[in-house]
Amino acid sequence: MSPLKIKKGANSHSAYNLRPNFSDVEERHTLALLVENEPGVLARVIGLFAGRGYNIDSLTVAEVDHIGHLSRITIVTRGTPQVIEQIKAQVGRIISVRDVHDLTVEGASVERELAMFKVTGTGDKRVEALRLADIFRANVVDSTLSSFVFEITGAPEKIDAFAELMRPLGLADVARTGVAALSRGE
Amino acid sequence: MTRQMTGAKMIVQALIDQGVDTVFGYPGGAVLPIYDEIFQQNSIKHVLVRHEQGAVHAAEGYARSTGKPGVALVTSGPGATNAVTGLTDALMDSIPIIVLTGQVPTFMIGSDAFQEADTVGITRPCTKHNWLVKETDKLSGVIHEAFHIATSGRPGPVLVDIPKDVQFAKGEYTPKAPSKSHYKPQLKGDMDAIVELVEAIEKAKRPVFYTGGGVINSGPAASQLLRELVGATGFPITSTLMGLGCYPASGDKWLGMLGMHGTYEANMAMHGCDLMINIGARFDDRITGVVDKFSPNSKKAHIDIDPSSINKVIRVDIPIMGDVGHVLEDLLKVWKSRGRKTNTASVAKWWKQLEEWRAVNCLKFEQKGKVIKPQYALTRLEELTKKYDRYITTEVGQHQMWAAQYLGFEDPNRWMTSGGLGTMGYGFPASIGVQMAHPDALVINVAGEASWLMNMQELGTAMQYKLPVKQFILNNERLGMVRQWQELLHGERYSSSWSESLPDFVKLAEAFGAKGILCSDPDDLDDAIMEMITYDGPVLFDCLVEKHENCFPMIPSGKAHNEMIMGEVDTSTAIDAAGKLLV
Ligand SMILES: Cc1ncc(C[n+]2csc(CCOP(=O)(O)OP(=O)(O)O)c2C)c(N)n1
Ligand SMILES: [Mg+2]
């Protein structure tokens with residue numbers, strides 16, 4: 001062992017700690033939280049993600065049990081396995097969070113998202129947009145002579161793919177709900 | 001049984017039902033109905049602090065020294081925002097406190113009313129949980145739940161925000177009952193994991209107990225079990241700043257505190273061990289140094305009631321989720337039933353090594369000349385006060401680290417310091433909280449002159465309630481810890497780290513009606529300390545010490561446990577000698 005010699009007046013030995021990066025590969029996880037439906041509960045969850053620097057790819061929330069006052073928050077997040085474990089433990093610490101499920105590791109699950117796309121244009125592009133919408137089983141929920149609003153549900157990747165196709169065809173606006181997810185089976 | 005009463009009365013009733021005897025607070029428009037109720041009863045003492053930050057730190061001192069939750073009461077707006085530092089401090093150090101804040105009436109919330117602040121919004125990240133109560137009927141239930149949450153699991157601060165109309169309105173009081181709360185932290189540890197730890201204990205060649213504030217939070221029984229475990233296994237034990245007192249400093253297995261300013265033997269033991277048993281500590285960065293190089297060859301076990309502490313910073317091999325007291329009880333049972341085995345020969349060899357590290361005597365210092373060394377002042381303070389029923393609080397800085405190094409703690413709940421947040425201004429109000437809880441004890445706040453000034457207004461509180469708290473100021477006329485970092489890490493450019501324009505502390509004390517003592521000569525020190533101890537009332541002790549003394553040993557940030565700087569005088573020889581001893 002050699003002692004650390006810090007020379008007085010020297011700058012080069014300034015030894016500030018950098019958090020080492022546990023450089024594992026990042027994973028995408030879908031978490032389902034059952035929370036008490038009370039004012040501020042969403043702020044508690046989001047505040048934790050913001051305060052501790054965790055990612056949120058998407059987030060949905062709605063009451064699922066009116067009598068039990070419970071809401072379900074579905075969060076798609078990203079991080080190394082260590083970070084994901086930490087996120088679950090930290091979220092689990094929030095008093096209003098009753099239950100934390102990691103759908104990505106707890107067996108098979110289904111994920112769905114709803115999106116609406118406004119596509120504007122006339123002529124060939126308009127026809128092509130309609131044809132592709134049909135292939136993707138998107139519904140037309142509004143139309144004018146120069147625009148459509150399509151509604152599409154599916155896995156997030158399917159919606160991404162549809163968005164890519166619509167872009168050159170006059171994509172004007174998108175609204176997405178974020179992911180809702182449930183485990184499969186009983 | 002339920003009763004109709006106003007919200008304000010409910011609050012007082014709920015506090016009484018929870019066994020509260022003392023509330024630290026400061027009134028204002030939004031809590032007047034509560035103050036009116038406090039005026040009309042005799043069960044609860046109210047201590048009028050001089051600043052709301054003081055109220056919260058006092059509640060922390062009360063809590064830490066008794067094991068009971070502390071309570072603070074403040075008004076809306078500025079009262080609530082002044083409480084934020086104390087709440088964050090209590091969150092970082094897991095101190096159970098309940099802060100009650102007044103709020104503007106419900107019908108005015110959101111209108112930027114006079115002294116309105118989004119208190120639950122502001123304090124959401126610095127409380128374990130908080131509530132805005134909008135209906136009087138729910139108020140007593142929430143307060144009971146607040147006590148439950150503050151004190152169970154990993155303890156922490158909670159806040160209840162109570163609009164003024166809710167205080168005036170009548171509602172039904174729900175008495176304290178067994179909690180129906182969903183919050184039920186797991187206390188018992190997993191048996192398989194406990195057995196795994198026992199097996200590791202049986203085989204370990206170079207074990208060390210690394211203990212922390214969790215042992216103290218678990219209650220006196222946990223400290224007792226820890227002592228039994230250490231005694232029976234003969235393993236060495238170190239502790240974090242927060243854990244001092246969970247094992248007696250006079251115990252022969254005690255290595256001293258570990259971490260950035262921990263002892264050589266404690267840090268070397270952490271670095272060289274083959275089994276690390278973390279009991280109620282959290283691998284804080286002041287403890288681990290750089291994590292890549294942290295204790296590279298050890299198997300690590302971690303007992304913690306908070307699942308988020310496990311694997312947060314350091315990956316461990318044997319995680320045990322549970323309350324320290326419960327887990328230690330099971331651990332001892334299993335270990336005894338399997339024949340109380342340890343690897344005696346190897347552990348004896350380990351002790352030989354530890355003794356050699358101890359022999360480096362890393363805390364040695366020389367008091368020569370006419371200027372008091374801070375280490376000397378604390379050594380004398382220890383010698384002259386250790387026989388007393390003594391409680392120590394501290395401020396934050398070099399003096400805090402020296403106090404941790406040179407004072408000895410034999411029991412839990414005797415040492416109150418701001419660890420996680422490092423809050424200058426904590427110690428004085430905390431000492432007031434401690435003295436309120438232990439009126440006949442000797443309560444000393446070891447302070448730096450700069451920290452002490454941050455909450456000096458509380459001298460008024462100490463005088464008003466005749467609290468004989470002793471403020472032992474190690475006055476180096478410097479923001480010493482900042483100056484030390486600037487010396488070692490910023491090329492000796494002392495940017496704003498001189499304490500300029502200091503008051504005459506003796507006159508300051510006298511202005512409040514307290515006693516001031518100035519001491520600058522090592523030869524006068526003992527008499528001056530005795531004068532401080534025997535004086536019946538608050539004392540401001542201005543101890544002029546060496547201005548440029550550095551606190552050693554020190555693990556600079558970014559370095560490992562075996563890369564300590566040992567001191568200016570004998571640095572090279574001490575480390576070279578020690579370096580040869582390394583495993
Ligand atoms: C509220 C607050 N502000 C700033 C700091 C940063 N800080 C840490 S120690 C220190 C100097 C403390 O000086 P003093 O109280 O005189 O103690 P000393 O180190 O000289 O013993 C400062 C400014 C802090 N810990 N807390
Ligand atoms: Mg100072």
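Given the structure is predicted, the values throughout are model-derived calculations rather than measurements.

Some points on the overall build of chain B
- Tallying secondary structure elements over chain B gives 24 helices and 20 strands in all.
- For chain B, the C-alpha radius of gyration of 24 Å lies close to 25 Å, the compact-globule estimate for 583 residues.
- Along the longest, intermediate and shortest principal axes, the C-alpha atoms of chain B span 75 × 60 × 40 Å.
- Residues classed as buried in chain B amount to 63% of the 583 residues present.
- Summed over its atoms, the accessible surface of chain B is roughly 21,200 Å², and 52% of this surface lies on carbon and sulfur atoms.
- Chain B carries 56 positive and 67 negative side-chain charges, and their two centres are separated by 5 Å.

Describing the coordination of the magnesium ion (ligand 2)
Residue and element names in this part refer to chain B.
- The protein atoms that coordinate the magnesium ion (ligand 2) are Glu449 (OE), Glu449 (OE), Asn476 (OD1) and Arg478 (O), at distances of 2.1 to 2.7 Å.
- Geometry at the magnesium ion (ligand 2) is irregular, judged from the six donor atoms that bind it and their angles of 51 to 174° at the metal.
- Each donor residue of the magnesium ion (ligand 2) lies on the same chain, and together they follow the pattern E-x26-N-x1-R.
- Assessed through its relative accessible area of 7%, Asn476 is described here as buried.

Brief notes about the pattern of salt bridges
- This structure, assessed with the given rule, holds 33 salt bridges over all chains.
- As a salt-bridge pair, Asp160 of chain A and Arg176 of chain A come within 2.7 Å of each other at their nearest N and O atoms. On the criterion of sequence distance, the pair formed by Asp160 of chain A in helix 4 (residues 156-166) and Arg176 of chain A in strand 8 (residues 171-176) is long-range, its members being 16 residues apart.
- The salt bridge partner of Asp21 of chain B is Lys68 of chain B, with a shortest N-O separation of 3.6 Å. Note that Asp21 of chain B is positioned in the loop between helix 1 (7-17) and strand 2 (22-25) and Lys68 of chain B in the loop between helix 3 (52-66) and strand 4 (70-74), a separation of 47 residues in sequence.
- Using a relative accessible area of 34% as the deciding quantity, one classes Lys68 of chain B as partly exposed.
- Through salt bridges that share partners, Glu85, Lys88 and Asp102 of chain A make up one connected network.

With respect to the sheet that holds strand 20 (residues 539-544) of chain B
Residues and elements named next belong to chain B.
- Spatial strand order, 16-15-17-18-20-19: six strands in an open sheet with parallel pairing. Strands with a single pairing partner mark the edges of an open sheet, and in this sheet they are strand 16 (415-416) and strand 19 (515-519).
- The pairing of strand 18 (residues 470-475) with strand 20 spans six bridges and is parallel. Within the sheet, the bridge partner assigned to Gln471 lies in strand 20 and is Leu540.

Some points on the site of ligand 1
Residue and element names in this part refer to chain B.
- Near ligand 1, the surroundings consist of 17 residues, among which Gln398, His399, Gly422, Ser451 and Gly480 are the closest.
- Between ligand 1 and the protein, one listed contact pairs a nitrogen atom with a backbone N or O atom of Gly422 at 2.8 Å.
- Within the side chain of Asn476, an N or O atom sits 2.9 Å from an oxygen atom of ligand 1.
- If ligand 1 stood free it would expose 580 Å²; the protein chains cover 77% of that surface.
- Mapped onto the shell around ligand 1, the elements with two or more residues apiece are helix 17 (398-406), helix 19 (449-454) and helix 21 (480-489).
- It is helix 19 that provides the largest number of residues to the shell around ligand 1, a total of four residues.

Structural notes on the sheet that holds strand 11 (residues 254-257) of chain B
Residues and elements named next belong to chain B.
- One open sheet accounts for six strands, arranged 11-10-9-12-13-14; its pairing is parallel. At either margin of the open sheet sits one strand with a lone partner, and together these are strand 11 and strand 14 (318-321). Taken over all neighbouring pairs, the strand axes of this sheet differ in orientation by 15° on average, direction set aside.
- Sheet topology places strand 13 (residues 299-304) next to strand 14; four bridges connect them, and they run parallel.

Some details on the packing of helix 12 (residues 264-272) of chain B against helix 15 (residues 344-359) of chain B
All names here are of chain B.
- Interhelical geometry of helix 12 versus helix 15 gives an angle of 140° and a closest axis separation of 8 Å. Helix 15 is crossed by helix 12, and the crossing has right-handed handedness. Facing Tyr264, Glu265, Met268, Ala269 and Gly272 of helix 12, the residues of helix 15 in contact are Trp350, Leu354, Trp357 and Arg358.
- Within the contact of helix 12 with helix 15, the residues separate by chemical class into six nonpolar, one polar and two charged.

What to know about a negative patch on the surface
- Side chains of Asp190, Asp192, Glu196 and Asp317 of chain B sit close together on the surface and give a patch of like negative charge.
- The topology assignment puts Asp190 of chain B in the loop between strand 8 (170-173) and helix 9 (191-203).

Thoughts on the side chain of Asp306 of chain B
- In this fold, Asp306 of chain B is placed in the loop between strand 13 and strand 14.
- You can call Asp306 of chain B buried: its relative accessible area is 3%.
- Among the polar contacts made by the side chain of Asp306 of chain B, one reaches the side chain of Arg93 of chain A at a distance of 2.5 Å.
- When sequence neighbours within four positions are dropped, the list of residues in contact with Asp306 of chain B reads Arg93 of chain A together with Arg154 of chain B.

Some words on the side chain of Thr461 of chain B
Residues and elements named next belong to chain B.
- Structurally, Thr461 is set in helix 20 (residues 459-464).
- Classification of Thr461 as buried rests on a relative accessible area of 0%.
- If we ignore the near neighbours within four places in the chain, the residues touching Thr461 are Val47, Leu48, Val49, Arg50 and Ile432.

Details of helix 2 (residues 81-93) of chain A
All names here are of chain A.
- Between the first and last C-alpha of helix 2 there are 19 Å, a value that for 13 residues agrees with the 18 Å anticipated at 1.5 Å per step.
- Of the positions making up helix 2, those classed as buried are Gln82, Ile84, Gln86, Ile87, Lys88, Ala89, Gln90 and Val91.
- Check the buried side of helix 2 and you find it contacts strand 1 (27-36), helix 1 (41-52), strand 3 (70-79) and strand 4 (97-102).

Brief notes about the environment of His69 of chain A
Residue and element names in this part refer to chain A.
- Take His69: it is sitting in the loop between strand 2 (58-65) and strand 3.
- The sequence separation of His69 and Val100 amounts to 31 residues, and the corresponding C-alpha distance is 16 Å.
- Residues within four places of His69 in sequence aside, it is in contact with Val35, Glu36 and Asn37.

Topic: the nonpolar core
Residues and elements named next belong to chain B.
- Phe472 and Phe541 are the most contacted members of the largest nonpolar core, which has 107 residues in total.
- The leading source of residues in this core is helix 14 (residues 324-337), at seven residues.
- Phe541 has contacts with Gln471, Phe472, Ile473, Ile517, Cys519, Leu525, Ala528, Ile529 and Met532, leaving out every residue within four places of it along the chain.

Calculation criteria
Along each chain, residue indices are assigned from 1 in the same order as the chain's sequence is written. Here every chain gets a letter starting at A, and every ligand a number starting at 1, in the order they are written. Residues qualify for local features only when their pLDDT is at least 70, as the model is predicted, and side-chain atom pairs are given and counted only at 80 or more; totals for whole chains, interfaces and linings, by contrast, use all residues. Water and hydrogen atoms play no part in the side-chain values, which are based on all heavy atoms of the structure. Helical segments are the DSSP runs of H or I of at least four residues, strand segments are the runs of E of at least two, and each set is numbered from the N terminus. Only C-alpha atoms enter the radius of gyration, while the globule expectation follows 2.2 Å times N to the 0.38, with N the number of residues. For every residue, the accessible area obtained with a 1.4 Å probe (protein chains only) is divided by the maximum for its type, and the residue is called buried under 20%, exposed over 50%, and partly exposed between those limits. Only the protein chains shown count as covering a residue, and every accessible area follows the Shrake-Rupley method with a 1.4 Å probe. This count recognises Lys and Arg as positive and Asp and Glu as negative, with His and chain-terminal groups excluded. To locate a charge, the coordinates of NZ of Lys, CZ of Arg, CG of Asp or CD of Glu are taken. Any N, O or S atom lying within 2.8 Å of the metal counts as a donor, and for Na, K and Ca the limit rises to 3.2 Å; water is left out, so some sites can look incomplete. Geometry is assigned from the angles between donors: four donors with all angles from 85 to 135 degrees make a tetrahedral site, four or six donors whose opposite pairs exceed 155 degrees while the rest stay between 65 and 115 make square planar or octahedral sites respectively, and everything else is labelled irregular. Salt bridges are identified by distance alone: a Lys or Arg side-chain nitrogen within 4 Å of an Asp or Glu carboxyl oxygen. Paired strands, in this sense, are two strands between which DSSP finds at least two bridges. Working definition: residue near molecule or strand if any one of its non-hydrogen atoms lies within 4 Å of it. Pairing of N or O atoms within 3.5 Å defines a polar contact, subject to two protein rules: one partner must be a possible hydrogen donor and the other a possible acceptor, and residues neighboring in sequence count only if both atoms are side-chain atoms. Axis angles are defined between N-to-C directions and span 0 to 180 degrees, where every axis is a line fitted to C-alpha atoms and, for a helix, only to the segment in contact. Crossings are classed by handedness, with left-handed meaning an anticlockwise turn of the near helix from the far one by less than a right angle and right-handed meaning a clockwise turn. We call two residues in contact whenever any of their non-hydrogen atoms come within 4.5 Å of each other. The nonpolar class holds Ala, Val, Leu, Ile, Met, Phe, Trp, Tyr, Cys and Pro. Asp, Glu, Lys and Arg form the charged class, and all remaining residues, Gly among them, are polar. Only residues whose relative accessible area exceeds 30% and that take part in no salt bridge are eligible for patches, with like-charged residues grouped when within 9 Å of each other and nonpolar side chains (Val, Leu, Ile, Met, Phe, Trp, Tyr) grouped when within 5 Å. One less than the number of residues in a helix, times 1.5 Å, gives the span that helix is expected to have. Nonpolar cores are built from buried Ala, Val, Leu, Ile, Met, Phe, Trp, Tyr and Cys residues. Side-chain atoms within 4.5 Å join them into one set.

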